[in-house]
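Topology and contacts: notes
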Amino acid sequence: MIMDIDKKIKAYVNKLEQQQTSHLAKDGLAYLKDFLAGYQSSIKNLKDENRKLHIGIIGQVKAGKSSFINSLIFNGRDILPKAATPMTAALTRLDYSSEPKAEIEVYSDSEWSQFKRLAGVYTERISTERSRIAKDRNSMAVSGVELTDDEVAGHLVLPAEVIAADEMVRQAAQYGMTLGDLNAKDGVITIGGSDNDTLLKQMQEYVGANGKYTPFVKCLTLYIDEPHLKDVVLIDTPGTNDPVISRGERTRRYLAKCDVVFVLSYGGQFMDRSDMNLISQNLGEAGISRMVLLGSKIDLAMTQEAKKYQKFGDKALLVAYKDIAKKLEQQAVINVSKLADNNPRMKKLLECLPAKFISSMFDQLANKESSELTKEEKFQLDNLVKRFPESKVDSNILKALGQISDIKSKVLSEVKTEKHKIQSVRIAEYQQGQKIAIDRWINEFEASIDARIHQLKNDDADSVRGRQKDLEQSMKKAASGIDLAFDNCITDVRGDLKELYLSIRTSMSNTSIATHQGSERVRTGSRTTGMLWWKETHGVYENKTYNFANTLDAIDEVDRFALTAEKELIQKIRTVIKIDELKKAIIDKAKDCFDMSSENFDLDSLITPIQKAVNKIKVPDLNLDFSAAKAKVTDRFSSDTVRGNGVNELNSVMREALKDITDSISKELNQYTGTTATLLSKTSDNFISDLLGDSKAESESLLRDIEEKDEALERMMRLKSIFEIPHASLVMEG
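None of the values given here were measured: they were computed from a predicted structure.

This part is about the overall build of the protein chain. Counting its regular elements, the protein chain contains 25 helices and 14 strands. Taken across its 734 residues, the protein chain has 47% of its residues classed as buried. When contacts within the protein chain are restricted to residue pairs at least 6 apart in sequence, long-range pairs at least 24 apart make up 82% of them. Accessible area of the protein chain: about 37,800 Å², with a carbon and sulfur share of 48%.

This is the structure:
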């Protein structure tokens with residue numbers, strides 16, 4: 001059974017092409033042509049019987065996507081490079097070929113010119129803000145050290161694409177590279193390799209964190225001689241909220257073609273609101289028939305909670321995994337259920353439970369010889385052994401805890417077996433989704449036609465001009481109230497988040513590692529007994545006490561401080577930034593200031609643009625990275641315990657790490673509060689002008705139609721007759 005959507009849309013298109021005398025007809029025709037082209041392309045692709053199963057890997061930044069693919073496909077080898085930031089993370093497509101090669105798509109000249117222009121905006125904004133700060137200091141007779149660009153940027157709200165462009169252009173300049181140096185043919189570079197390792201080594205220059213060509217790469221397709229890829233195409237996304245706009249669009253197009261999506265969520269915050277928003281916003285309308293939920297990096301939770309499970313002796317490691325996974329799963333059910341209640345589209349997530357909890361780190365340790373381990377991997381292995389001293393830690397245990405082998409043998413194999421079934425379901429779901437989308441658009445389009453007909457029949461030029469004048473006067477009255485609503489929200493953001501930082505900084509001063517006392521028998525001298533040939537020398541010993549501290553305690557304190565601070569920040573932000581309350585306040589303030597008794601007043605003409613404006617209000621995500629601070633203790637100390645002066649040194653290093661965390665929080669909060677405040681301020685500044693601009697444009701269009709009312713009405717009636725083709729007949733036809 002095939003849903004004959006394209007036949008119906010073609011009928012609309014053919015008739016609209018004969019009715020292009022109104023702006024509504026032109027807009028409708030453009031929309032339907034784009035819709036039809038996209039629908040036909042997607043259906044053709046979905047119906048291709050030989051099409052491979054496409055599997056997407058998505059998740060928030062640093063959820064461990066690349067590490068997961070390295071373990072799933074390449075037995076723990078570090079094949080996919082990990083970019084330093086989401087700005088330079090390439091969208092990567094993995095496919096099979098017996099002859100390894102790479103197709104590297106680079107940015108076009110126009111795209112790179114745009115990045116350079118945006119980087120110039122960054123430089124200009126930094127310079128202007130630096131001058132302002134210097135002027136303020138002079139006026140207050142305050143001196144200070146010269147701020148770095150990053151510190152100045154903390155005072156600004158810069159769009160993500162501007163920050164990304166500056167990073168990309170600076171990295172290119174660091175290596176003295178230009179786009180032309182890549183000699184890309186039609187925007188693509190093709191590189192062959194004699195084997196996988198040779199090819200992947202070459203890729204470091206193109207997608208590695210420090211690759212000299214990395215800033216120029218938009219998308220990478222790797223054709224690898226790897227049996228697991230014969231029936232599957234894997235897509236590793238750089239993050240769905242991609243700050244590089246053109247690459248973000250490419251990512252969304254790739255995800256729309258995926259049959260199955262592995263959703264990775266960091267186990268420490270498994271399936272939180274950000275994960276839910278990611279799934280709902282980016283996958284909800286794509287017709288994905290199956291998702292597999294994975295909680296990543298469970299090894300971190302296990303090592304942090306190790307003390308609780310040491311009482312289980314040699315079973316502690318397994319008990320810890322099962323118990324922590326169970327707790328995380330229970331939290332996931334609560335989170336998913338709440339979302340499903342508010343968004344029926346997401347009920348399918350409930351079918352994806354229970355999730356699997358994985359550790360790519362455990363899997364990598366299991367698949368490598370000890371001589372192959374990196375410094376970080378050696379530390380993780382030693383740390384695991386120390387935290388679970390009675391548990392057996394070998395490759396079999398690590399593989400079992402990593403769960404990657406289980407995904408290979410069960411989930412991936414099952415997905416391949418169900419390939420045809422999944423694709424059939426996906427086609428039906430895609431068609432149903434498109435039917436709903438086009439029906440919704442037709443209803444909205446018909447409502448626009450009816451509204452225009454009503455206006456033409458009931459309005460005259462004077463009433464339209466009078467309503468526009470009343471609107472402008474009323475909005476002047478509403479301006480102060482709307483500004484106050486925004487100002488109150490901005491004040492709450494800046495004040496409350498600053499208080500939170502102060503509380504976190506105070507908690508740092510109360511953090512210290514426990515000092516213990518130990519004793520040992522120490523030789524303090526000697527004594528002689530006997531005479532002549534019976535004389536003997538004996539050692540003199542005393543029991544002496546000493547202070548010592550555990551290095552692991554310091555690591556735990558840093559981890560605990562970082563986790564607590566991050567949790568408090570996220571919870572506080574959710575309570576401080578009340579966007580829904582702001583939107584309601586804006587609408588209420590506007591309503592209060594309109595003259596409802598005016599004969600020209602039309603409430604709908606006000607509420608619609610207001611609703612559009614408030615829906616544009618966005619709040620940025622908080623991006624915290626404490627990895628460098630956490631590494632300070634492990635980089636400076638290699639033994640389990642320190643004593644004497646070493647205790648003071650350990651305490652000092654731990655406090656340095658805590659200070660780095662608070663400094664990072666301060667910097668991020670300054671930027672975050674500034675970003676949020678500026679977004680709200682910008683919306684406030686443009687709110688009334690945008691509203692009046694939209695209203696004026698609509699009024700001018702209506703006035704033109706009123707001048708030729710009879711002809712305009714006839715055009716609208718003809719336009720409406722097109723949709724008398726019952727769009728409810730977009731049904732399944734055999």
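Relative to the helices and strands, E17 resides in the loop between α1 (5-16) and α2 (23-46). Once the C-alpha coordinates of E17 and A30 are considered, the two residues, 13 residues apart in sequence, prove to be 9.8 Å apart. The contact partners of E17, leaving out residues within four places of it in the chain, are L29 and K33. Polar contacts involving the side chain of E17 include one to the side chain of K33, which spans 3.3 Å.

Bringing the packing of helix α18 (residues 419-458) against helix α24 (residues 645-707) into the picture now. In contact at an axis separation of 10 Å, α18 and α24 are set at 60° when each is read in the N-to-C sense. It follows from the interaxial angle that α18 and α24 lie oblique. Between α18 and α24 lies a crossing of right-handed hand. Where α18 abuts α24, its residues R452, Q455 and L456 lie against E698, S701, L702, D705 and I706. Residues belonging to the contact of α18 with α24 are distributed by class as follows: three nonpolar, two polar and three charged.

Here strand β2 (residues 53-59) lies mainly inside the structure; seven of its seven residues are buried. Taking every second residue as pointing to the same face, both faces of β2 are buried, with L53, I55, I57 and G59 on one and H54, G56 and I58 on the other. Bridge count between β2 and strand β8 (residues 260-266): five bridges; the pairing is parallel. When the bridges of β8 are listed, I58 appears paired with V263.

Moving on to the pairing of β8. Most of β8 sits out of view: six of its seven residues are buried. Both β8 and strand β9 (residues 290-296) contribute to a ladder of seven bridges, which runs parallel. If you follow Y266 over to β9, its bridge partner there is S296.

Each full turn of the α-helix corresponds to 3.6 residues, which orients residues three or four apart in the same direction. Along its 24 residues, α2 runs 35 Å from first to last C-alpha, staying within 8% of the 34 Å computed at 1.5 Å per residue. Along α2, the residues classified as buried are L24, A25, G28, L29, L32, F35, L36, Y39, I43 and L46.

Time to look at the packing of aromatic side chains. All told, the structure shown has 10 aromatic pairs when counted by the stated rule. Look at Y107 and F115: their rings are 4.8 Å apart centre to centre, the planes differ by 90°, and that puts the pair in the edge-to-face class. The pair formed by Y107 and F115 is uniform in burial state, with each residue classed as buried. The structure contains a cluster of three or more aromatic residues connected by ring pairs, namely Y31, F35, W441 and F445.

If you look at the biggest cluster of nonpolar residues, it comprises 60 residues, and the most contacted ones within it are I55, F68, I104, M203, L222, L234 and F262. Ranked by residue count, the leading element in this core is helix α4 (residues 109-139), at six residues. Those residues in contact with M203, other than ones at most four positions away along the chain, are A102, I104, I191, G208, L220 and L222. Listed in part, the 43 residues of the second largest apolar core include C219, M302, A355 and L398.

This part takes up α1. Spanning 12 residues, α1 covers 17 Å between terminal C-alpha atoms, matching the ideal 16 Å at 1.5 Å per step. The complete set of buried residues in α1 reads I5, K8, I9, Y12, V13 and L16. Each buried residue of α1 sits inside an arc of 140° when the element is viewed along its axis, so together they form one side.

Looking now at the environment of V411. Turning to its location among the elements, V411 is positioned in helix α17 (residues 404-417). With a relative accessible area of 9%, V411 lands in the buried category. Counting along the chain gives 119 residues from V411 to V292, while the straight-line C-alpha distance between them is 8.5 Å. Ignoring any residue separated from it by four or fewer positions in sequence, one finds V411 in contact with F262, R290, V292, K356 and D406.

Turning our attention to the pattern of salt bridges. Inspection of the entire model under this criterion finds 22 salt bridges. Its salt-bridge partner being E103, residue K101 comes within 3.7 Å of it at the nearest N-O pair. Across the salt bridge formed by R718 and E714, the nearest N and O atoms sit 3.1 Å from each other. Placement of both R718 and E714 in helix α25 (residues 709-722) is noted, with a separation of four residues, approximately one turn of the helix.

In spatial order, the strands read β5-β4-β6-β3-β7-β2-β8-β9-β10; together these nine strands make up an open sheet with mixed pairing. Edge positions in the open sheet fall to β5 (188-192) and β10 (356-357), since each of these has one partner strand only. When strand β3 (residues 91-96) meets strand β7 (residues 232-236), the two strands line up antiparallel, connected through three bridges. Within β7, the position partnered with T92 by the bridge is D236. Lying over the sheet, helix α7 (residues 196-207) contacts β4 (101-106), β5 and β6 (217-224), oriented at roughly 175° with respect to β6.

Inspection of the secondary structure puts L703 in helix α24. Distance in space between the C-alpha atoms of L703 and L456 is 9.2 Å, their sequence separation being 247 residues. If we ignore the near neighbours within four places in the chain, the residues touching L703 are A461, V464 and R465.

With that settled, consider unusual backbone geometry. The omega torsion across L353 and P354 is 0°, close enough to zero to call that bond cis. Checked against the element boundaries, P354 lands in the loop between α13 (348-351) and β10. In this structure, D186 is a non-glycine residue whose phi angle is positive, near 55°. Checked against the element boundaries, D186 lands in the loop between α6 (160-174) and β5.

Take the confidence of the model for the protein chain next. Of all residues in the protein chain, 79% have pLDDT values of 70 or greater, and the mean over the chain is 77. Of all the helices and strands in the protein chain, strand β14 (residues 732-733) carries the lowest mean pLDDT, 40, while β4 carries the highest, 91. Overall, residues 84-88 carries pLDDT values under 50, and its contacts beyond four positions in sequence, including any with other chains, amount to 19 contacts.

On to the side chain of D299. Looking at the element boundaries, D299 is found in helix α10 (residues 298-304). Lacking a salt bridge, the buried D299 has K297 as its closest oppositely charged neighbour, with an N-O distance of 8.1 Å. With near-sequence residues (within four places) excluded, D299 lies in contact with S359, M361 and F362.

Cut-offs used in this document
- Residues numbered from 1 in each chain as written.
- Predicted model: local features only at pLDDT ≥ 70, side-chain atom pairs only at ≥ 80, totals over all residues.
- Heavy atoms only, no water.
- Helix = DSSP H or I, 4+ residues; strand = E, 2+ residues; numbered from the N terminus.
- Buried < 20%, exposed > 50% of the residue type's maximum accessible area, 1.4 Å probe, protein only.
- Contact = heavy atoms within 4.5 Å.
- Areas by Shrake-Rupley, 256 points an atom, 1.4 Å probe, with all protein chains shown as cover.
- Polar contact = N/O pair within 3.5 Å; in protein donor to acceptor, adjacent residues only side chain to side chain.
- Axes fitted to C-alpha atoms, helices over the stretch in contact; angles between N-to-C directions.
- Parallel < 35°, antiparallel > 145°, perpendicular 65-115°, else oblique.
- Left-handed = near helix turned anticlockwise from the far one by under 90°.
- Nonpolar A, V, L, I, M, F, W, Y, C, P; charged D, E, K, R; others polar.
- Pairing = 2+ DSSP bridges.
- Expected span 1.5 Å × (residues − 1).
- Phe/Tyr/Trp six-rings, centres within 6.5 Å; stacked < 30°, edge-to-face > 60°.
- Core = buried A, V, L, I, M, F, W, Y, C linked by side-chain atoms within 4.5 Å.
- Arc of directions from axis to C-beta.
- Salt bridge = Lys/Arg side-chain N within 4 Å of Asp/Glu carboxyl O.
- pLDDT = per-residue confidence, 0-100.
- Lys, Arg positive; Asp, Glu negative; His and termini not counted.

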